[in-house]
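A look at the structure
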Amino acid sequence: SPSSSTDWTFMYVGTNAGTLNAIRVSDGTVFTHSPVSTTPCNCVGAGAIKGLPWPLSWNAVGVATPDTIIFTRNTTVHSVNFDGSTFTPNWTTTLTGTPTVSAPVDDGANHLYIGASDGKVHQLDVATGADQAQAPTTAISGAMGAPTFNVDRNSIHVGATDGHVYTFTTPF
């Protein structure tokens, strides 16, 4: 699924091959980031990019104001900056126990939320990728899906394979 930079000058899209593309809307030029080529590959995080890449910036994309983009693959969460022509990796996180992960969402307060196959939603720090907290404290029997953020209630909603929809107040 594609997402756009705040200024609509770039569209971000992940591929089944696990690369992140930034497409300049004005002329169709494609800039590509391949996580395997920029970090040592233990291949744990290999696979397609899940859902949409999640841009965090509210500024026009440029060298002085790069866009931070969060994306997930099988078992890894990635943060990269994009300055309009170059991707720069920030961090890559593999959650404890190496569960498979959902697409990300952020709360606008420097936290990311990732559903996982370990029956929990993980709260990560935007700046470092550190796994700060999980909800629920006792995992459900099954996997959590991709969370959505409810700005009116400061909470996330997430469906799970146990047939329930959960709501958690953020941050955890």
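Since the structure is predicted, the reported quantities are computational estimates derived from the model, not experimental observations. Sequence positions are assigned chain by chain, starting from 1 and proceeding in written order. Reporting of local features is limited, given that this is a predicted model, to residues whose pLDDT is at least 70; pairs of side-chain atoms are given and counted only at 80 or more, and all residues count toward the totals for whole chains, interfaces and linings. Side-chain metrics rest on all non-hydrogen atoms present in the structure, leaving aside hydrogens and water.

1. Some remarks on the nonpolar core
- With 12 residues, the main nonpolar core is built from Phe10, Tyr12, Leu20, Ala22, Phe31, Ile49, Val61, Ile69, Phe71, Val80, Phe82 and Phe87.
- Secondary structure elements are taken from DSSP: a helix is a run of H or I of four residues or more, a strand is a run of E of two residues or more, and numbering for both begins at the N terminus. Elements supplying a minimum of two residues to this core: strand 2 (10–14), strand 3 (20–24), strand 6 (67–72) and strand 7 (76–82).
- Not counting residues within four places of it along the chain, the set of residues in contact with phenylalanine 82 comprises Phe10, Tyr12, Ala22, Phe31, Val61, Pro66, Asp67, Ile69 and Phe87. Put simply, a nonpolar core is a bunch of buried Ala, Val, Leu, Ile, Met, Phe, Trp, Tyr and Cys residues held in one set by side-chain atoms that sit within 4.5 Å of each other. For the exposure calls, accessible area comes from a 1.4 Å probe over protein chains only, and a residue counts as buried if that area is under 20% of its type's maximum, exposed if over 50%, partly exposed in between. We call two residues in contact whenever any of their non-hydrogen atoms come within 4.5 Å of each other.

2. Section: the confidence of the model for the protein chain
- Scored by pLDDT, the protein chain has a mean of 91; 94% of the residues are at 70 or more.
- Scored from 0 to 100, pLDDT records how confident the predictor is in each individual residue. Predicted confidence is poor over residues 37–44, with pLDDT under 50, and the contacts of this stretch with residues over four places away or in other chains come to eight contacts.

3. Focus on the environment of glycine 14
- Within the fold, glycine 14 resides in strand 2.
- Sequence spacing of glycine 14 and glutamine 123 is 109 residues, and the spatial spacing of their C-alpha atoms is 22 Å.

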